[in-house]
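Survey of secondary and tertiary structure
This is what each chain is made of:
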Amino acid sequence: MLSSEIRAIAFDLDGTLIDSVPALAEAAAAALVDLGMAPCSELAARGWIGNGAEMLMRRALSGNVNPDPNLAPSLVEQALARFHHHYGAHLDQGSPLYPGVADTLAALHQRGYRMALITNKPARYLPDLMATCGLSHYFELMLGGDSLAQRKPDPMPLQHVLTQFGLAPQQMVMVGDSRNDIEAARAAGCASVGLTYGYNYGQPIAELGPDHVLDHFEHLLALLPARQETESV
Ligand SMILES: O=C(O)COP(=O)(O)O
Ligand SMILES: [Mg+2]
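The shown structure was predicted, so the numbers you read here are calculated from the model rather than taken from an experiment.

Moving on: the domain arrangement of the chain. Per the domain assignment, the segments making up the chain are domain 1 (8-19 + 95-232) and domain 2 (21-89). Put simply, the middle of domain 1 and the middle of domain 2, counted by C-alpha atoms, are 25 Å apart. Each partner contributes residues to the interface: domain 1 has 14 residues there, and domain 2 has 10 residues. Its residues assigned to classes, the side of domain 1 that touches domain 2 shows three nonpolar, seven polar and four charged.

This is how it looks when you write it as structure tokens:
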């Protein structure tokens with residue numbers, strides 16, 4: 001069980017709520033082909049997701065999770081533009097919800113938790129993508145990787161949500177699949193829950209030391225009781 005002080009939940013998106021690998025990998029591969037390069041595999045792209053679209057394309061251009069520091073800025077710019085072209089054109093395909101996500105979010109909402117989305121994905125995609133998934137109405141605030149000056153693993157997005165919600169760090173938990181989520185939560189003074197099914201550069205999320213590690217999204221319900229119950233004690 002998480003602290004009974006928890007009033008809000010910040011959710012990561014890619015690898016936590018939706019399996020975005022198929023859509024992101026396809027757009028990255030198509031962008032490489034547009035530039036006359038060989039496409040990347042879905043498996044490779046899986047290890048490059050987590051730090052936003054530009055970093056995904058830097059890694060794709062380099063064929064490595066550690067991007068070549070000498071990539072020409074114009075090449076990165078072109079690759080990113082082609083990525084946005086392909087990804088934006090197929091937002092409604094290739095990003096299925098993980099099992100249990102819709103019902104669990106509905107139940108947590110019903111239990112009285114306030115919810116925010118904190119993703120490193122570019123903010124421009126969030127309204128349409130979340131509407132397509134049928135999840136928009138749960139989130140009071142949706143932040144993308146380019147919404148603020150800093151993104152996860154920096155604590156800034158979590159601090160922004162706390163300020164907007166008028167809450168202290170111990171009143172919010174971050175739920176995510178990668179080191180960026182766990183490190184951002186720790187730096188903000190928030191609890192964290194790590195999900196094992198997402199993308200964490202191939203490293204088990206437990207190694208980052210989140211407060212709880214879950215294999216299934218719906219197991220969140222056991223950690224976060226109905227708010228009315230918590231408030232009556
Ligand atoms: O798109 C990314 O690179 C990561 O997105 P996430 O923060 O929702 O996992
Ligand atoms: Mg993620």
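Here we come to the packing of helix α1 (residues 21-34) against helix α3 (residues 53-62). Running from N to C, α1 and α3 point in directions that differ by 55 degrees, and their axes come no closer than 10 Å. Accordingly, the angle class assigned to the pair α1 and α3 is oblique. For α1 against α3, the interelement crossing comes out right-handed. Taken together, the residues of α3 that come into contact with α1 (itself represented by L24, A28, A31 and L32) are L56, M57 and A60. When its residues are assigned to classes, the contact of α1 with α3 shows seven nonpolar, no polar and no charged.

As a further point, take the site of ligand 1. The immediate surroundings of ligand 1 are formed by 13 residues, with L13, D14, T119, N120 and K121 found nearest. In terms of residue class, the shell around ligand 1 is built from three nonpolar, seven polar and three charged. Counting residues domain by domain, the shell around ligand 1 receives three or more from each of domain 1 (8-19 + 95-232) and domain 2 (21-89).

This paragraph deals with helix α5 (residues 101-110). Turning to α5, its buried residues number three or more, namely V101, L105 and L108. Down the axis of α5, the buried side of the element spans an arc of 65 degrees, and every buried residue falls inside it. Opposite the buried face of α5, at more than 90 degrees from it, the exposed residues are D103 and Q110. Residues of α5 that are buried in the fold lie against β1 (8-11) and α9 (220-223). Looking one or two residues beyond α5, the residue adopting positive phi is G112, at roughly 100 degrees.

Each value, and the rule that gives it
Residues numbered from 1 in each chain as written. Chains lettered and ligands numbered in written order. Predicted model: local features only at pLDDT ≥ 70, side-chain atom pairs only at ≥ 80, totals over all residues. Domains from an automatic or database assignment. Contact = placed C-beta atoms within 7 Å. Nonpolar A, V, L, I, M, F, W, Y, C, P; charged D, E, K, R; others polar. Axes fitted to C-alpha atoms, helices over the stretch in contact; angles between N-to-C directions. Helix = DSSP H or I, 4+ residues; strand = E, 2+ residues; numbered from the N terminus. Parallel < 35°, antiparallel > 145°, perpendicular 65-115°, else oblique. Left-handed = near helix turned anticlockwise from the far one by under 90°. Near = placed C-beta within 6 Å. Buried ≥ 20, exposed ≤ 12 C-beta atoms within 10 Å, placed from the backbone. Arc of directions from axis to C-beta.

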